[in-house]
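Residues per chain, in single letters:
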Amino acid sequence: MSQEPQWLSHPTALLIPKARGGRAQHAVYLLLALCAAVLYLAGEPLVPSARSLISHFMALQIGVLLKGTCYLAEEIFHLQSRHHGSFWRALSACFPLRWHGLMLLVCGSAYVALLEDGQPLGLHLGLASLCQLLILALGLHKPSAVEMSEMSERSKQNVAHGLAWSYYVGYLKIVLPRVKKSMEEFSRANPNVLARRETWKLHILVPLSCDVYDDLEKADSNIQYLMDLPETTLTRAGTKKRVYKHSLYTIRDEGNKLWHCAVEYATPLQSLYAMSQDEYAAFSREDRLEQAKLFYRTLEEILKGSKECAGTYRLIVYEESGEAETHSLSRDILWHLRQQCHEEYTVYEGNQPHNPSTTLHSTELNLQISESDLPQPLRSDC
């Protein structure tokens, strides 16, 4: 049975940003059409309007050329270390030659063709260059925070992307496929502890504050350490018999009922927290919060695409409450435990085997109408 997204009804879902769509580009097209319509309705003569338009294009292309020249003045001192000793590589990195070079050539030719007699071309080029250099000097050409964030997300170059992939490849991809086997071994030795098979997963805590406790019992007194699950020993990255293990905890709910599950923090969040505390990293608290959210979203996307990790984990993202809330963490964990029991109850009820032939897919649903008023079976082979 396919499960609904785990944050569909949880209030913390509103804290995690979705990937940006193409609305900004759609707004460009809309405003472009609006401007063209306004100019058309204004009834201005075609030639002067074309001359002004090409003049603006020329100024923009000159700005790109001047900016590239300024960057090239720095990059020529880093040819060996950054560009493998190739001047062409440095030139290509500073100048987007494919389109801007062509645009500069076309606009320049059109501008000369439409230039009125008696207007000096050098004066126009000099004024355009002066304006663009003033823009560069004042830093007005720099992208906004939204543009930088979008570029980093699209190119997968955020700190969070690297941490999420490292966490998955170096740890989760190794331990998650072995979690249920470890819990089965534990359940045979302790049959009364892990009674609910639907919670046989590794519950990974993702606090958006990145404040990770080494001892979960100090984070919430309703969470108590029980024991460790059976260890997994592997040879990894030159280390012989490296040990991987998870801790089992007891969670006490409002009615003093005890729940048991394997819980641990997402350890890369410690790196984000440490970076925000180090001045040399130049990583503010706002940056930390943004990267923590992106870390969760990236990790969720990675794990959803991993077949070997399916059904072995539960991501628990939360925003810590004030100091007066001493049991908010246990309540968040309990919400997920109950949600898992609710989602998977119909799968495990009666331990009935899954029959692929009776699975209804969205593309195979047919409306069946009985010709009789009496109750009829839905299956046609009955």
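Here is what the cut-offs are and how they apply
Residues numbered from 1 in each chain as written. Predicted model: local features only at pLDDT ≥ 70, side-chain atom pairs only at ≥ 80, totals over all residues. Heavy atoms only, no water. Helix = DSSP H or I, 4+ residues; strand = E, 2+ residues; numbered from the N terminus. Buried < 20%, exposed > 50% of the residue type's maximum accessible area, 1.4 Å probe, protein only. Contact = heavy atoms within 4.5 Å. Areas by Shrake-Rupley, 256 points an atom, 1.4 Å probe, with all protein chains shown as cover. Patch = residues over 30% accessible without salt bridge, like charges linked within 9 Å, V, L, I, M, F, W, Y side chains within 5 Å. Salt bridge = Lys/Arg side-chain N within 4 Å of Asp/Glu carboxyl O. Pairing = 2+ DSSP bridges. Axes fitted to C-alpha atoms, helices over the stretch in contact; angles between N-to-C directions. UniProt positions renumbered as here; feature names shortened; annotations may be inferred. Core = buried A, V, L, I, M, F, W, Y, C linked by side-chain atoms within 4.5 Å. Polar contact = N/O pair within 3.5 Å; in protein donor to acceptor, adjacent residues only side chain to side chain. Left-handed = near helix turned anticlockwise from the far one by under 90°. Nonpolar A, V, L, I, M, F, W, Y, C, P; charged D, E, K, R; others polar. Expected span 1.5 Å × (residues − 1). pLDDT = per-residue confidence, 0-100.

An unreviewed UniProt entry annotates the protein as Stimulator of interferon genes protein originating from Nipponia nippon.

Draft legend 1. Highlighting the overall build of the protein. Regarding its fold elements, the protein presents 13 helices and 7 strands. Counting all 382 residues of the protein, 32% fall into the buried class. Restricting to contacts in the protein with at least 6 residues of sequence separation, those with at least 24 account for 70%. With the model as given, the accessible surface of the protein reaches about 25,300 Å², and the carbon-plus-sulfur share is 58%.

Draft legend 2. Region of the structure containing a nonpolar patch on the surface. A contiguous nonpolar patch, built from Leu31, Leu34 and Val38 and spanning about 290 Å² of accessible area, is present on the exposed surface. Along the chain, Leu34 turns up in helix 1 (residues 23-42).

Draft legend 3. The arrangement of the sheet that holds strand 1 (residues 202-207) in detail. The sheet built from 5 strands is open, its strands ordered 2-5-6-1-7 with mixed pairing. Across the chains shown, the open sheet's two edge strands, defined by having one partner strand only, are strand 2 (223-228) and strand 7 (313-318). Sheet twist, expressed as the mean angle between neighbouring strand axes with direction ignored, is 40°. Sheet topology places strand 5 (residues 247-252) next to strand 6 (residues 258-265); 5 bridges connect them, and they run antiparallel. Bridged to Thr250 within strand 6 is His260. Against the sheet, helix 12 (residues 285-304) engages strand 1 and strand 7, with an angle of about 165° to strand 7.

Draft legend 4. The environment of Gln339, seen in detail. Within the secondary structure layout, Gln339 lies in helix 13 (residues 328-348). With a relative accessible area of 18%, Gln339 lands in the buried category. Put simply, Gln339 and Thr199 are 140 residues apart on the chain and 9.7 Å apart in space, counted from C-alpha to C-alpha.

Draft legend 5. Summary view of the UniProt feature "transmembrane region" (unreviewed entry) in the protein. Feature annotation in UniProt assigns "transmembrane region" (unreviewed entry) to the following positions: residues 27-47. Secondary structure content for residues 27-47 is 86% helix and 0% strand, and the end C-alpha separation is 28 Å.

Draft legend 6. Spotlight on the nonpolar core. Residues Leu172, Leu176, Leu205, Phe295, Leu303 and Ile333 are the most contacted members of the largest nonpolar core, which totals 57 residues. Broken down by element, this core gets its largest block of residues, 9 residues, from helix 8 (residues 159-175). The residues touching Leu176, leaving out its near neighbours within four places in the chain, are Leu202, Leu303, Cys309, Thr312 and Tyr313.

Draft legend 7. A look at the side chain of His260. With respect to the helices and strands, the residue His260 is situated in strand 6. Separated by 3.3 Å, the side chain of His260 and the backbone oxygen of Val193 make a polar contact. A polar contact is formed between the side chain of His260 and the side chain of Thr250, at a distance of 3.5 Å. With near-sequence residues (within four places) excluded, His260 lies in contact with Val193, Leu194, Thr199, Leu226, Tyr249 and Thr250.

Draft legend 8. The packing of helix 2 (residues 46-75) against helix 4 (residues 87-94), seen in detail. It is the contact of helix 2 with helix 4, at a shortest axis distance of 9 Å, that shows an interaxial angle of 145°. Crossing of helix 2 against helix 4: the hand is right-handed. The segment helix 2 lies against helix 4, with Gly68, Tyr71, Leu72 and Glu75 engaging Phe87, Ala90, Leu91 and Cys94. Considered class by class, the residues forming the contact of helix 2 with helix 4 number 6 nonpolar, 1 polar and 1 charged.

Draft legend 9. Structural view of helix 1. When the terminal C-alpha atoms of helix 1 are compared, their 28 Å separation across 20 residues agrees well with the 28 Å that a helix rising 1.5 Å per residue should span. Within helix 1, only 0 of the 20 residues are buried, which leaves the element largely exposed. After helix 1 finishes, the residue Gly43 shows a positive phi value of roughly 70°.

Draft legend 10. Fine view of the confidence of the model for the protein. Chain-level pLDDT for the protein is 77 on average; 73% of the residues reach the 70-or-more range. Confidence, read as mean pLDDT per element, is least for helix 7 (residues 145-154) in the protein (63) and greatest for strand 1 (94). Taken together, the stretch residues 1-8 has pLDDT below 50 and engages in 20 contacts with residues farther than four places along the chain or on a different chain. Every residue in residues 345-373 is under pLDDT 50, and counting partners more than four places away or in other chains gives 11 contacts.

Draft legend 11. Molecular detail of unusual backbone geometry. Within the chain, Cys210 stands out as a residue other than glycine whose phi angle is a positive 65°. As for its position among the elements, Cys210 is in the loop between strand 1 and helix 10 (216-219). If you check the backbone angles, Ala237 has positive phi at about 50° while not being a glycine. Inspection of the secondary structure assignment puts Ala237 in the loop between strand 3 (232-236) and strand 4 (239-244). Classification of Ala237 as exposed rests on a relative accessible area of 76%.

Draft legend 12. Seen up close, the pattern of salt bridges. For the coordinates displayed, the defined rule picks out 7 salt bridges. Note that Arg297 is salt-bridged to Glu301, the shortest N-O span being 3.8 Å. Residue Arg297 and its partner Glu301 are located together in helix 12, separated by 4 residues, close to a single helical turn. A relative accessible area of 9% means that Arg297 is categorised as buried. In this structure, Glu300 and Lys304 form a salt bridge, with 3.9 Å as the shortest nitrogen-oxygen distance. Note that Glu300 and Lys304 are positioned in helix 12 at a spacing of 4 residues, about one turn of the helix.

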